[in-house]
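Here is what each chain is made of, one letter per residue.
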Amino acid sequence: MPQVIAGNWKMNGLAAGAEALAGAVRSGADGLSCRLVLCPPFTLLAPVATVLAGSGIGLGGQDCHPEPAGAHTGDISAPMLADVGASHVILGHSERRQDHGESDALVRAKTAAALAAGLVPIVCVGESGAQRQAGAAEEVVGGQLGASLPDGFAGLIAYEPVWAIGTGLTPTAAEIAAMHDFLRNRLVGRFGVGGREIAILYGGSVKPANAGAILALDEVGGALVGGACLQAADFLAIAAAAR
Ligand code: PEP
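Residues numbered from 1 in each chain as written. Predicted model: local features only at pLDDT ≥ 70, side-chain atom pairs only at ≥ 80, totals over all residues. Heavy atoms only, no water.

Novice: I'm lost on the overall build of the protein chain in this one. Help?
Specialist: When helices and strands are counted, the protein chain shows 10 helices and eight strands. On the principal axes, the C-alpha backbone points of the protein chain span a range of 45 × 45 × 35 Å. In the protein chain, buried positions account for 49% of the 243 residues. Looking at charge distribution, the protein chain has the averaged site of its 14 positive side-chain charges lying 3 Å from that of its 21 negative ones. (Helix = DSSP H or I, 4+ residues; strand = E, 2+ residues; numbered from the N terminus. Buried < 20%, exposed > 50% of the residue type's maximum accessible area, 1.4 Å probe, protein only. Lys, Arg positive; Asp, Glu negative; His and termini not counted. Charge placed at Lys NZ, Arg CZ, Asp CG, Glu CD.)

Here's what the structure looks like:
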């Protein structure tokens, strides 16, 4: 299975710059062995979809509502994402969990909605620095994983230690490998053979300088990239390190 390199643009970008960034990624993507996914903010999904049309590069939202439609001012549903051309959606990102109080139960409902709309969910889990220092990383991340995934889940997981996001800090290769092995065992325990097909991405300060070492790890199925995805050259350099 090719690795997946997904770029989370977060709340960044206006139309002109977005088209240029997506266009530069598209131009530089020839010959890569991995699968690319760009996740711009909602306002840029349509123009980025136009730039990416026919390229094979995936398009993702950064959130969706659990309901397909209704009186939910300011929200976007999974069918709306699919309608604008999205193939993926990031769910349960730590910034959503922190800034919007998203619970595992809500992430699970959103994930079910994404699957019903035919989207590939990218479900994020990760411990805080304090939780890791307290020796509770596996307990926290295992709990999030179990409670955030609906039965019949098929999609991607992103292991994103909260303390590594946007900080320039990363776990050691051994720590990443250990957590990915732990998550793999949990997935296989719950989903049986299907659990082997769920790729586990790593996210948290992935940069061109560290991508090779992280992406070389067996259980790392790709990367969810924040800051470094806003420069096409950096994002493509990370993608070039993928298999
Ligand atoms: C993220 O927020 O998903 C992320 C991984 O950010 P960064 O690469 O900037 O740490």
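And the narrative resumes.
Novice: Would you take a moment to explain the site of the ligand for this structure?
Specialist: With respect to spatial proximity, 14 residues lie near the ligand, and among them Lys 10, His 93, Glu 160, Gly 166 and Ser 205 are the closest. Side-chain polar atom of Glu 160 to an oxygen atom of the ligand: 2.7 Å apart, as the coordinates give it. Within the backbone of Ser 205, a nitrogen or oxygen atom sits 2.7 Å from an oxygen atom of the ligand. When the residues that make up the shell around the ligand are grouped by side-chain class, the tally is four nonpolar, eight polar and two charged. (Near = heavy atom within 4 Å. Polar contact = N/O pair within 3.5 Å; in protein donor to acceptor, adjacent residues only side chain to side chain. Nonpolar A, V, L, I, M, F, W, Y, C, P; charged D, E, K, R; others polar.)

Novice: Is there a simple way to explain the side chain of Gln 144 in this structure?
Specialist: With respect to the element layout, Gln 144 can be found in helix 7 (residues 137-148). What Gln 144 contacts, discounting residues up to four positions off in sequence, is Arg 97, Asp 104, Val 125 and Gly 126. (Contact = heavy atoms within 4.5 Å.)

Novice: Would you mind showing me how to read the packing of helix 9 (residues 208-215) against helix 10 (residues 232-240) here?
Specialist: Packed helices, taken two at a time, are described by the angle their axes make and the gap between the axes. At a minimum axis separation of 8 Å, helix 9 and helix 10 run at an interaxial angle of 20°. Of the possible angle classes, the one that applies to helix 9 and helix 10 is roughly parallel. Crossing of helix 9 against helix 10: the hand is right-handed. Mapping the contact onto sequence places Pro 208, Ala 211 and Leu 215 in helix 9 and Asp 234, Ala 237 and Ile 238 in helix 10. The class makeup of the residues in the contact of helix 9 with helix 10 is five nonpolar, no polar and one charged. (Axes fitted to C-alpha atoms, helices over the stretch in contact; angles between N-to-C directions. Parallel < 35°, antiparallel > 145°, perpendicular 65-115°, else oblique. Left-handed = near helix turned anticlockwise from the far one by under 90°.)

Honestly, it's all geometry; don't read function into it.
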